[in-house]
Amino acid sequence: MVRNVAGLLPELEAEDFYLLSGVEQGMRFSEWVQREKLPKFSDLTEEEVDYRLERCLKRGLIEKKTIQYEGYTLQFEGYDALALRALVQRDTIAEFGSPLGVGKESDVYEVRSYKPLALKYHREGYTNFREIHKERDYTSDNEHVSWMYTARKAAEREHGILEELYPDVAVPRPIDQNRHAIVMEKMDGVELSRTKLEDEQVLGVLELLLSEVARAYANGYVHADMSEYNVFVDEEGVKIFDWPQAVPTDHENASEFLERDVTNLIGYFRRKYPQHVPDDLAADDVARAIADESFESIEPYV
């Protein structure tokens, strides 16, 4: 888990952010930014750069190497600080709260503005960059693209998809985005994987989820990573989250991803509630109906 930097913001000065922004700018060209280029990138004097480097190194916001030359690179904490400051300056965020979820590719925290919200930091590529770079189609063909670029593109992509889907599809309402961070509404309820449904609820919740998958398809997207871990359930219904890997319906593999999503959902319900999910509920038939935009309920398939 990357360290939460919210507590550092009050002690950081404007010039510290100039330095961090300068390192960020230099990283567009190289993973390690040469020391002599930092005054130009950060618009600081040589002496000011030295002072700010020391402050940012001490706080773990940047990293230094001196193998072939003296170079600096952002740590994720430094990138977090830049995004968080921008969101605070926009009045998107007023207070920072507790962690809501920590995953392999993102960290989510509760934040507050006019009401409780959720701040999601994308972490794609930080520890498994090569795999993400090969699998995600938003990473570009540039072999030198950084984890910073990968995480930012993931956040931009997810935020854009949420804006297109909300409110027609039950997804979190997008609020704002900066760099690799997204602010969205905080979801109520419990993750589907941790929910114990009553007998009479099982098929109803499954049908709700498949209907949302159908609505997303009608609005141009396939989630492409549906599972019990990216669905929230409450008394109002369901919410589907984590959309950075979603593909448009005209993607060459859209039908394959759609059938896999439907298979994952039906398979989960069948494993957890075997006595309630009929064996003849076929994922491929449901997926075809969704693709044909003729899916209305699971009744014809059970």
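Not measured: the values here are computed from a predicted model.

Looking now at the side chain of Thr73. Position of Thr73 relative to the elements: it lies in strand β3 (residues 70-74). Here Glu31 takes part through its backbone oxygen, which lies 2.8 Å from a polar atom of the side chain of Thr73. Each residue touching Thr73, except ones within four places of it in the same chain, is listed here: Val23, Met27, Glu31, Trp32, Ile62 and Glu63.

Turning our attention to the packing of aromatic side chains. Tallying each qualifying case throughout the model produces 10 aromatic pairs. With a centroid separation of 5.1 Å and 50° between ring planes, the pair formed by Phe96 and Tyr109 is classed as tilted. With a gap of 13 residues between them, Phe96 in strand β4 (residues 95-102) and Tyr109 in strand β5 (residues 106-112) connect regions that are remote in the sequence. Residue class for Phe96 comes out partly exposed when judged on its relative accessible area of 24%. On the basis of relative accessibility, which here comes to 2%, the residue Tyr109 falls in the buried class. Taken together, the aromatic side chains of Phe76, Tyr79 and Trp147 make up a single cluster linked through ring pairs.

Strand pairs in the sheet, formed through backbone hydrogen bonds, run parallel or antiparallel to each other. Spatially, five strands are ordered β4-β5-β6-β8-β7 in an open sheet, and the strand pairing comes out antiparallel. Two strands lie at the open edges of the sheet, namely β4 and β7 (174-178), each paired on one side alone. Averaged over neighbouring strand pairs, the angle between their axes works out to 25° when direction is ignored. Across five bridges, the pairing between strand β6 (residues 116-122) and strand β8 (residues 181-185) is antiparallel. Opposite Tyr121, over in β8, you have Ala181 as the bridge partner.

Following Tyr166, the chain continues into Pro167 via a peptide bond in cis, with omega recorded as 5°. Of note in this structure, Arg179 is not a glycine but carries a positive phi near 50°. Its place among the elements puts Arg179 in the loop between β7 and β8. Of note, the phi angle at Asp242 is positive, near 65°, even though the residue is not glycine.

This part takes up the sheet that holds strand β9 (residues 190-191). On the basis of which strands lie adjacent, the open sheet formed by three strands has the order β9-β11-β12 and antiparallel pairing. At either end of the open sheet lies a strand with only one pairing partner, and these are β9 and β12 (237-240). Pairing between β9 and strand β11 (residues 231-234): two bridges, direction antiparallel. Paired with Glu191 across the bridge in β11 is Phe232. In this fold helix α7 (residues 202-218) packs onto β11 and β12, with an angle of close to 40° to the strand it touches most, β12.

When its domains are assigned, the protein chain resolves into domain 1 (6-185) and domain 2 (190-301). Measuring from the centre of the C-alpha atoms in domain 1 to the corresponding centre in domain 2 gives 33 Å. Each partner contributes residues to the interface: domain 1 has 19 residues there, and domain 2 has 17 residues. With both chains or domains summed, domain 1 and domain 2 bury close to 1,400 Å², and 57% of this area falls on carbon and sulfur atoms. Residues Glu185 and Lys239 are paired through a salt bridge, measuring 3.1 Å at the closest nitrogen-oxygen approach. At the junction of domain 1 and domain 2, the tally comes to eight residue pairs in polar contact (both at pLDDT 80 or more). Only β6 and α6 (147-165) provide two or more residues apiece to the side of domain 1 that touches domain 2. Partitioning the side of domain 1 that touches domain 2 into residue classes produces nine nonpolar, one polar and nine charged.

Attention now moves to the environment of Ala170. Along the chain, the position of Ala170 falls in the loop between α6 and β7. Note on Ala170: relative accessible area 16%, which makes it buried. A sequence separation of 72 residues divides Ala170 from Asp242, and the C-alpha atoms of the two residues are 12 Å apart. Those residues within four positions of Ala170 in sequence are excluded, and the remaining contacts are Glu212, Val238, Lys239 and Ile240.

Here is what the cut-offs are and how they apply
Residues numbered from 1 in each chain as written. Predicted model: local features only at pLDDT ≥ 70, side-chain atom pairs only at ≥ 80, totals over all residues. Heavy atoms only, no water. Helix = DSSP H or I, 4+ residues; strand = E, 2+ residues; numbered from the N terminus. Polar contact = N/O pair within 3.5 Å; in protein donor to acceptor, adjacent residues only side chain to side chain. Contact = heavy atoms within 4.5 Å. Phe/Tyr/Trp six-rings, centres within 6.5 Å; stacked < 30°, edge-to-face > 60°. Buried < 20%, exposed > 50% of the residue type's maximum accessible area, 1.4 Å probe, protein only. Pairing = 2+ DSSP bridges. Axes fitted to C-alpha atoms, helices over the stretch in contact; angles between N-to-C directions. Domains from an automatic or database assignment. Buried area = accessible area lost by both parts, 1.4 Å probe. Salt bridge = Lys/Arg side-chain N within 4 Å of Asp/Glu carboxyl O. Nonpolar A, V, L, I, M, F, W, Y, C, P; charged D, E, K, R; others polar.

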